[in-house]
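Inside the fold
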Amino acid sequence: MANQEDQFKKVISHAKEYGYVFPSSEIYDGLSAVYDYAQNGVELKRNIREYWWKAMVQMHENIVGIDAAIFMHPTTWKASGHVDAFNDPLIDNKDSKKRYRADVLIEDYVGKLDAKIDKEVKKAAKRFGDAFDKAQFLETNPRVLGYKEKGAAILKRMGQSLEKEDLADVKALIEELEIACPLSGSKNWTDVKQFNLMFGTRLGATAESSMELYLRPETAQGIFVNFLNVQKTGRMKIPFGIAQTGKAFRNEIVARQFIFRMREFEQMEMQFFVRPGTQKAWYEQWKKTRLQWHLSLGMGAENYRFHDHEKLAHYADAAADIEFKFPFGFKELEGIHSRTDFDLSSHEKYASKKLQYFDPELNERYVPYVVETSIGLDRMFLAIFSHSLKEETLENGSTRTVLQLPAVLAPTKAAVLPLVKKDGLPEIARSIVADLTWDFAVTYDEKDAVGRRYRRQDAVGTPFCITVDHDTLNDDSVTLRHRDTMVQTRVKIAALKDLIKEEISMKNWLQKCAQ
Ligand code: GAP
């Protein structure tokens, strides 16, 4: 656990030191759970968004994008159920006066059981050496099975109690598990209460004429209210999807874990409108498609798992998370939800407008069902960034810090380095930058010894370094150094562009989806 915490601290400080993420308004000591993306962070974030948009919108003939406003008519949130049901169960510790999400306290308890399982695995791996079969051990070891069973039973009971709004039982569970306040160790808890997560604001100049508004807590509703506009103007035929990326706001209570849980964050969502009765098959299809998208980035299948929801949101008939192994354990990265016709039907009622589709094949009019894929862009950023940050020991015993970002997403694709600041080498390096910069993001660096410059680019995640040396003057070739392997090859300047383009091509990376 301490190791995980150290690793996570390293991630946060690396993100700051290398210009990825800063605390918001830091000169005023920051604002809790609000962050700013810095010069490299903004590029990584943009690249992730584009990677998603390419896969989800541009590669699908039947999916289009929109960009709806953050402000929406307030009745939207009554219809969507957020005014009445978008709550977190909160509990206060009477001694420390600290407030917690009751479900997170319980999930953290289960997380500790998972950590115990990991410990058992490590111990057994040491004991059995090469003969160790991890899968078999996980299936048969009585201690592991005990932890698993206990964790599953706890989550099941919590899910059912939350579903039934039985908050007294959620408190009882916390007491039975003897969960203590992480800050004070006290077990002196208040009752569990519901707390609405939406931020309110006002639109209009005067107190009398102004209107209560909410900052949207999800982007999805901007898609639902535009369903018919898009369907008609785009002459879309079911099944079809509408996608968008944009900011969402939630007054999160447990606002820790860096950019994992923020109060202002960005979502990438797609609502897929289908014939009633076909939603189950589409739900399964989108679960598969989305997992493949994640796997295309090459961060290891073992770091993802599905978690089927026990407690369903007020709009869903099935829901699963794609969980990722963050430095603090497996946590939700993306949600795939079968939202039934809840949202469109509810907007029909509240707006008194028909939101139906005439299906020419069935000769029938109906309210479509919806399968949604919803991923937090910031959470995806954290998954990639934390997974990529590695501390390596090299053959000569020295260490290097390397940010092994997937090349397709790296903020800067190549750094061009003249070996020395004289003899015409900077001029050649500058001309290479001027040429490559039309095709992808490149940077120029001439300060310090070349070894130090390599380390700097490793730490910031640049996949390629191009070094111009004295031989370049004679043979028009440069050294191309690969960040991950540190292998260096001699390459003609004229060949650089195509070589690097091949390595960062979205097509090549996304095609791994199909394999
Ligand atoms: N439209 C459905 C929806 O909003 P959700 O499970 O509440 O579903 C979807 O959120 C995704 O948005 C999550 O899987 C997560 O990646 C991201 N997300 C949710 N709350 C977040 C927060 N406070 N900070 C960062 N990302 C968040």
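Residues numbered from 1 in each chain as written. Predicted model: local features only at pLDDT ≥ 70, side-chain atom pairs only at ≥ 80, totals over all residues. Heavy atoms only, no water.

1. Focus: the overall build of the chain
Inclusion rule: Helix numbering and strand numbering both begin at the N terminus, where a helix is a DSSP run of H or I of at least 4 residues and a strand a DSSP run of E of at least 2. Here the globule rule reads 2.2 Å times residues to the power 0.38, and the radius of gyration is calculated from C-alpha atoms. Contacts: residue pairs with any heavy atoms within 4.5 Å of one another. Here, Shrake-Rupley sampling with a 1.4 Å probe gives the accessible areas, and only protein chains in the shown set may cover a residue.
In terms of helices and strands, the chain carries 18 helices and 23 strands. Computed over C-alpha atoms, the radius of gyration of the chain comes to 26 Å, within 12% of the 24 Å expected from 2.2 N^0.38 for 515 residues, which places it in the range of a compact globule. Taking the principal axes of the C-alpha coordinates as reference, the chain spans close to 75 × 60 × 55 Å. By sequence separation, contacts in the chain at least 24 residues apart represent 65% of the contacts at least 6 residues apart. In the structure as shown, the chain presents an accessible area of about 25,300 Å², 51% of it carried by carbon and sulfur atoms.

2. Overview of the site of the ligand
Our working definition: Any residue with a heavy atom lying within 4 Å of a molecule or strand is counted as near it. A 3.5 Å cut-off defines polar contacts: any pair of N or O atoms within that distance qualifies, except that in protein one atom must be a possible hydrogen donor and the other a possible acceptor, and neighbouring residues in sequence count only when both atoms are side-chain atoms.
Taken together, 22 residues sit near the ligand, with Glu218, Glu252, Met262, Glu269 and Glu332 positioned nearest. Within the contact set of the ligand, a nitrogen atom lies 2.8 Å away from a side-chain nitrogen or oxygen of Glu252. In the environment of the ligand, an oxygen atom lies 2.9 Å from a nitrogen or oxygen atom belonging to the backbone of Gly376. Starting from 550 Å² of accessible surface for the ligand in isolation, the protein chains cover 93%.

3. What about the packing of helix α7 (residues 142–163) against helix α8 (residues 167–176)?
Test applied: Each axis is a line fitted through C-alpha atoms, and for a helix only the stretch in contact is used; angles between axes span 0 to 180 degrees, taken between their N-to-C directions. Under this scheme an angle from 65 to 115 degrees is roughly perpendicular, one under 35 degrees roughly parallel, and one over 145 degrees roughly antiparallel; angles in between are oblique. Put simply, a crossing is left-handed when the front helix is turned counterclockwise from the back one by less than a right angle, and right-handed when it is turned clockwise. By the convention adopted, Pro, Cys, Tyr, Trp, Phe, Met, Ile, Leu, Val and Ala count as nonpolar, Lys, Arg, Asp and Glu as charged, and the other residues, Gly among them, as polar.
Relative orientation of the contacting elements α7 and α8 amounts to 155°, with a least axis distance of 8 Å. It follows from the interaxial angle that α7 and α8 lie roughly antiparallel. Pair α7 / α8 crosses with left-handed handedness. Residues Ile154, Arg157, Met158, Ser161 and Leu162 of α7 pack against Leu167, Asp169, Val170, Ala172, Leu173 and Glu176 of α8. Class assignment for the residues of the contact of α7 with α8 results in seven nonpolar, one polar and three charged.

4. A look at the domain arrangement of the chain
As a reminder, the rule being used: Per the annotation, domain bounds derive from an automatic or database assignment of domains. Each salt bridge in this description consists of a side-chain nitrogen of Lys or Arg and a carboxyl oxygen of Asp or Glu lying within 4 Å of one another.
Domain assignment breaks the chain into domain 1 (1–80 + 197–391), domain 2 (87–192) and domain 3 (394–514). Taking the mean C-alpha position of each, domain 1 and domain 3 sit 35 Å from one another. For the pair domain 1 and domain 3, the number of links is zero salt bridges. Listed by contribution, the elements that provide at least two residues to the side of domain 1 that touches domain 3 are α2 (39–58), α11 (279–295), α13 (377–388) and β17 (389–393). Among the elements that line the side of domain 1 that touches domain 3, the one with the most residues is α2, at nine residues. Tallied by class, residues from the side of domain 1 that touches domain 3 come to 11 nonpolar, six polar and five charged.

5. Considerations on the nonpolar core
Where we set the bar: Definition used in this section: a nonpolar core is a set of buried Ala, Val, Leu, Ile, Met, Phe, Trp, Tyr and Cys residues joined via side-chain atoms within 4.5 Å. Three labels apply to residues, based on accessible area from a 1.4 Å probe with only protein chains included: buried if under 20% of the type maximum, exposed if over 50%, partly exposed otherwise in between.
Tyr20, Ile48, Leu297, Phe381, Leu382 and Ile466 are the most contacted members of the largest nonpolar core, which has 78 residues in total. Residue-level mapping places this core at the junction of two domains, with at least three residues from each of domain 1 (1–80 + 197–391) and domain 3 (394–514). Not counting the four nearest positions on each side in its chain, Ile466 is found in contact with Ala414, Ala415, Val416, Leu417, Leu436, Val478, Thr479, Leu480, Leu496 and Ile500. Ala102, Tyr147, Val170 and Ile179 belong to the second largest nonpolar core, which has 26 residues in total.

6. Remarks on the packing of aromatic side chains
Worth spelling out the cut-off: Centre distance within 6.5 Å is the pairing criterion for rings of Phe, Tyr and Trp, where only the six-membered ring of Trp is used; planes under 30 degrees apart are then read as stacked, over 60 as edge-to-face, and the remainder as tilted. Put simply, a charge is over a ring when the Lys NZ or the Arg CZ is close to the ring centre, within 6 Å, and near the line of the ring normal, within 35 degrees.
The final tally for this structure, using the stated rule, is 24 aromatic pairs. Both rings, one in Phe8 and one in Phe258, keep their centres 6.5 Å apart while their planes meet at 70°; by these two values the pair is edge-to-face. Note that Phe8 is positioned in helix α1 (residues 2–17) and Phe258 in the loop between β9 (240–249) and β10 (264–274), a separation of 250 residues in sequence. On the basis of an interplanar angle of 65° and a centroid distance of 5.0 Å, the ring pair of Tyr37 and Phe381 is categorised as edge-to-face. Taken together, the residues span a long stretch of sequence, with Tyr37 in strand β2 (residues 35–37) and Phe381 in helix α13 at a distance of 344 residues. Judged by its relative accessible area of 1%, Phe381 falls in the buried class. Lying over the aromatic face of Trp293, Arg290 brings its terminal NZ or CZ to 4.3 Å of the ring centre. Against the face of Phe260 rests Arg379, its NZ or CZ located 3.7 Å from the ring centre.

7. Here's the deal with the sheet that holds strand β23 (residues 488–492)
Counted only if it meets this: One requirement defines pairing of two strands: DSSP has to find at least two bridges between them.
Taken in spatial order, the five strands make up an open sheet running β20-β19-β21-β22-β23, and their pairing is mixed. Because the sheet does not close on itself, it has two edges, and the strands there are β20 (442–444) and β23. On average, each strand axis in the sheet is tilted by 25° relative to the strand beside it, whichever way the strands run. Of the strand pairs in this sheet, strand β19 (residues 414–418) and strand β21 (residues 464–468) are connected by five bridges, and their pairing is parallel. Across the sheet, residue Ala414 finds its bridge partner in β21, namely Phe464. Across the sheet, helix α15 (residues 450–460) lies against β19, β20, β21, β22 (477–482) and β23, angled at about 170° from β19, the strand it touches most.

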